[in-house]
Amino acid sequence: MGGPTQEMEPVEPQSLKKLSLKSLKRSLDLFSPVHGQFAAPDPESKKIRMSHKINVEYSGIKTAPTQPSKQVNSGAENQSSVPSNALALTGPADSRNSQKEGTQNALVVGPALQSKGQNDVGNSGKSTTITSASGPFSERLTTSAIIERIPSKWPRPVWHRPWKNYRVISGHLGWVRSVAFDPSNNWFCTGSADRTIKIWDVASGRLKLTLTGHIEQIRGLAVSSKHTYMFSAGDDKQVKCWDLEQNKVIRSYHGHLSGVYCLALHPTIDILLTGGRDSVCRVWDIRTKMQIFALSGHDNTVCSVFTRPTDPQVVTGSHDSTIKFWDLRYGKTMSTLTHHKKSVRAMAPHPKEHSFASASADNIKKFSLPKGEFLHNMLSQQKTIINTMAVNEDGVMATGGDNGSLWFWDWRSGHNFQQAQTIVQPGSLDSEAGIYALSYDVTGTRLISCEADKTIKMWKEDETATEQTHPLNFKPPKDIRRF
C-alpha cells in the first residue's frame with residue numbers, strides 16, 4: 001500500500017484504422033499456413049467484388065506475355081508503365097530474376113488466380129509471384145492496388161467570381177433587421193430596431209423616404225408585385241399594409257399573440273403569411289384583413305417562411321429545429337423534416353430549380369421540392385448562428401452569420417468558394433459584426449446585407465477576378481453524411 005508508485009507510461013493514441021490493421025496482421029500471423037506469404041485468394045469473393053463491372057482487369061496489374069524469351073524485358077517495361085502504387089504480375093522466369101536480385105517484397109498467390117488457357121505457360125500447378133513496383137508502395141503491400149478506383153461522382157463546382165463590398169449606407173439608428181426589393185428594381189426598403197422603415201435608391205444608395213408607425217423593431221418586409229403595397233411585421237405583434245401611393249398604413253392584421261418574426265407574400269394568390277413567437281404561421285387575406293388559417297404545429301417560434309405557387313405552398317422553419325410543409329387548402333401539415341439539430345432561422349428557395357436550402361447552427365442542408373427529400377449538406381460548416389440566406393439564378397448562395405461572416409456557396413455542389421467577413425463601421429464594437437438580413441436584387445447581381453452595426457452594405461462581383469487569380473480550391477468530399 002505504502003510502496004513507491006510507478007508512473008504509467010503514456011499510451012500512444014491510435015486511430016481506428018491503425019488498430020484494425022494491427023488486428024488484421026495479428027490474425028494473419030496466427031492463421032496463415034506459410035509465414036511471409038499471402039494466402040491464396042478466394043475466387044468466389046473476387047467474382048462478387050468485381051460483379052459491378054464486367055471484364056474488369058486488375059487496376060494497374062499487367063500480365064506477363066506468353067513468350068518466355070521476352071519475359072525479362074517485359075518485366076522492366078511493366079515497371080516503367082505501371083503507376084507507383086500498382087502491382088506487376090510476372091511469370092515464373094521473372095520470379096527467378098527477382099529472386100536473384102534479392103527482391104524482398106514478393107508475394108505468392110496460389111494457382112486459383114490464373115485461369116487455364118490464358119497466359120498459360122505450363123505452370124498449372126505452380127504458384128505465380130506478384131512483385132510490387134518500385135515506389136512508396138513497395139514498403140507495404142495492401143489490397144488498395146487491386147481494388148478498382150471509382151472516381152468521385154460529386155459534381156464539380158462552377159467557378160464564380162468572388163464578391164466585394166462596394167457601398168456602405170448608414171442612416172438607421174438601430175440594428176437593421178429586414179430588407180425587401182421593389183419588383184421594378186429601382187428601390188429597396190429596410191426595417192430596423194429604430195422602429196422605422198426606410199426606402200433607398202438602388203443605384204445611388206440615397207435615402208428616398210422614412211416611414212414610421214411601428215412601436216417595436218421591424219423583423220419582416222415584403223413588397224407586392226401586383227399592387228402598390230408593402231407589408232411589414234414587427235416585435236409589436238403588428239402586421240401592417242402600407243399603400244406606397246399615399247405612403248401610409250391602410251390595413252393592419254391583428255391576431256398574433258407575440259412578436260412577428262417573418263413574413264412572406266404568396267406569388268399568385270392575394271394572401272400574406274406571417275410567423276412569430278406564438279409558434280403559429282398565420283395566413284391572412286390581404287384585402288379583407290381576415291385570418292384564413294392559423295397553421296399550428298410547431299413547438300417553438302416560427303422564424304422563417306417562404307411560399308410557392310404549387311404544393312407545398314407554404315414552408316416554415318422554426319426554433320424547434322423542424323421544417324414543415326403545409327397544405328394551404330386544409331391548413332394542415334403535409335410533412336415535417338427533422339434533419340436539423342438546431343433552430344432553422346433561415347431558408348431560401350432556388351429561383352429556378354425545385355429545391356430549397358435551410359440553415360441552422362449545425363449545418364446548411366439542401367432539400368428537393370415538392371417531396372422534401374434530403375439532397376446533401378453544404379460541404380463546410382460556418383460554425384455560427386446563421387440568421388439569413390439568399391440564392392440567385394446563377395446558383396450563388398450567400399449566408400449571413402451572427403458573427404459577421406458572409407459566406408458564398410456554389411448551389412449545385414455545396415462548395416464554399418468565398419468566406420467574407422463584414423467590417424463594422426467606425427465607432428462600433430467588434431461584437432456588433434452581425435448580419436441579420438440578406439437579399440439579392442431582381443437581377444441577382446447585387447447583394448444587400450443588413451447588419452448589427454446599423455449599416456446596410458451593398459456587395460457585387462469582383463469584375464477583375466479570373467480563374468487564374470482566384471482558382472477553385474475544391475476537394476470532393478470523401479464521406480457524405482446522409483442525414
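Since we're looking at a predicted model, the values are computed, not measured.

1. Some points on the overall build of the protein chain
(1) Moving on: On a plain count of helices and strands, the protein chain comes out with four helices and 31 strands.
(2) Moving on: Of all 483 residues assigned to the protein chain, the portion counted as buried reaches 47%.
(3) Moving on: Contacts spanning at least 24 positions in sequence make up 50% of the contacts within the protein chain whose residues lie at least 6 apart.
(4) Moving on: Looking at the protein chain as shown, the accessible area adds up to about 25,900 Å², and 52% of this sits on carbon and sulfur atoms.

2. Considerations on the confidence of the model for the protein chain
(1) Moving on: Residues with a pLDDT of 70 or more make up 73% of the protein chain, whose mean pLDDT is 82.
(2) Moving on: A low-confidence stretch, residues 53–139 stays under pLDDT 50, and its non-local contacts, those more than four residues away or across chains, total 119 contacts.

3. Comments concerning the pattern of salt bridges
(1) Moving on: What the rule picks out here adds up to 10 salt bridges.
(2) Moving on: For R282, the salt bridge goes to D278, with nearest N and O atoms at 3.0 Å.
(3) Moving on: By relative accessible area, which is 8% here, R282 ends up buried.
(4) Moving on: Judged by its relative accessible area of 16%, D278 is buried.
(5) Moving on: Through salt bridges with shared partners, a single network forms among D311, D327 and R329.

4. Some details on the sheet that holds strand β30 (residues 446–451)
(1) Moving on: The strand order β4-β31-β30-β29 describes an open sheet built from four strands, whose pairing is antiparallel. Edge positions in the sheet fall to β4 (163–170) and β29 (435–440), since each of these pairs with one other strand and no more. On average, adjacent strands in this sheet sit at an angle of 25° to one another, irrespective of strand direction.
(2) Moving on: As judged from the five bridges shared by β29 and β30, these two strands associate in the antiparallel manner. Residue A437 lies in a different strand from β30, and its bridge partner there is C450.

5. Examining the packing of aromatic side chains
(1) Moving on: Following the criterion strictly, the structure yields 13 aromatic pairs and no others.
(2) Moving on: Taken together, the ring pairs connect F306, F325, F356, F367 and F374 into an aromatic cluster.
(3) Moving on: Between R177 and the ring centre of Y436, over which it is positioned, the NZ or CZ distance is 4.2 Å.
(4) Moving on: Here the guanidinium or amino end of K460 rests over the ring plane of Y166, the centre of that ring lying 4.8 Å away.

6. A word on the environment of S405
(1) Moving on: With respect to the secondary-structure elements, S405 resides in strand β27 (residues 405–410).
(2) Moving on: Along the primary structure S405 and T384 are separated by 21 residues, whereas in three dimensions their C-alpha atoms are 8.5 Å apart.
(3) Moving on: Those residues in contact with S405 that sit more than four places away from it in its chain are Q382, T384, T399, G400, A420, Q421 and I435.

7. Things to note about the side chain of E451
(1) Moving on: Looking at the secondary structure, you find E451 in strand β30.
(2) Moving on: E451 gets classed as buried once you look at its relative accessible area, which sits at 0%.
(3) Moving on: Sequence-distant contacts of E451, defined by excluding residues within four places in its chain, comprise W175, V176, T422, G434, I435, Y436 and K457.

8. Some thoughts on the sheet that holds strand β28 (residues 416–421)
Strand pairing in a sheet relies on backbone hydrogen bonds. The paired strands run either parallel or antiparallel.
(1) Moving on: If you trace the four strands from one edge of the open sheet to the other, you get β25-β26-β27-β28, paired in antiparallel fashion. In this open sheet, the two edge strands, each paired with only one partner strand, are β25 (386–391) and β28. Mean inter-strand twist for the sheet, computed between neighbouring axes without regard to direction, equals 15°.
(2) Moving on: Direction of pairing for β27 relative to β28: antiparallel, over a ladder of five bridges. Looking at the pairing, F408 lines up with Q418 of β28.

Here is what the cut-offs are and how they apply
Residues numbered from 1 in each chain as written. Predicted model: local features only at pLDDT ≥ 70, side-chain atom pairs only at ≥ 80, totals over all residues. Heavy atoms only, no water. Helix = DSSP H or I, 4+ residues; strand = E, 2+ residues; numbered from the N terminus. Buried < 20%, exposed > 50% of the residue type's maximum accessible area, 1.4 Å probe, protein only. Contact = heavy atoms within 4.5 Å. Areas by Shrake-Rupley, 256 points an atom, 1.4 Å probe, with all protein chains shown as cover. pLDDT = per-residue confidence, 0-100. Salt bridge = Lys/Arg side-chain N within 4 Å of Asp/Glu carboxyl O. Pairing = 2+ DSSP bridges. Axes fitted to C-alpha atoms, helices over the stretch in contact; angles between N-to-C directions. Phe/Tyr/Trp six-rings, centres within 6.5 Å; stacked < 30°, edge-to-face > 60°. Lys NZ or Arg CZ within 6 Å of the ring centre and 35° of its normal.

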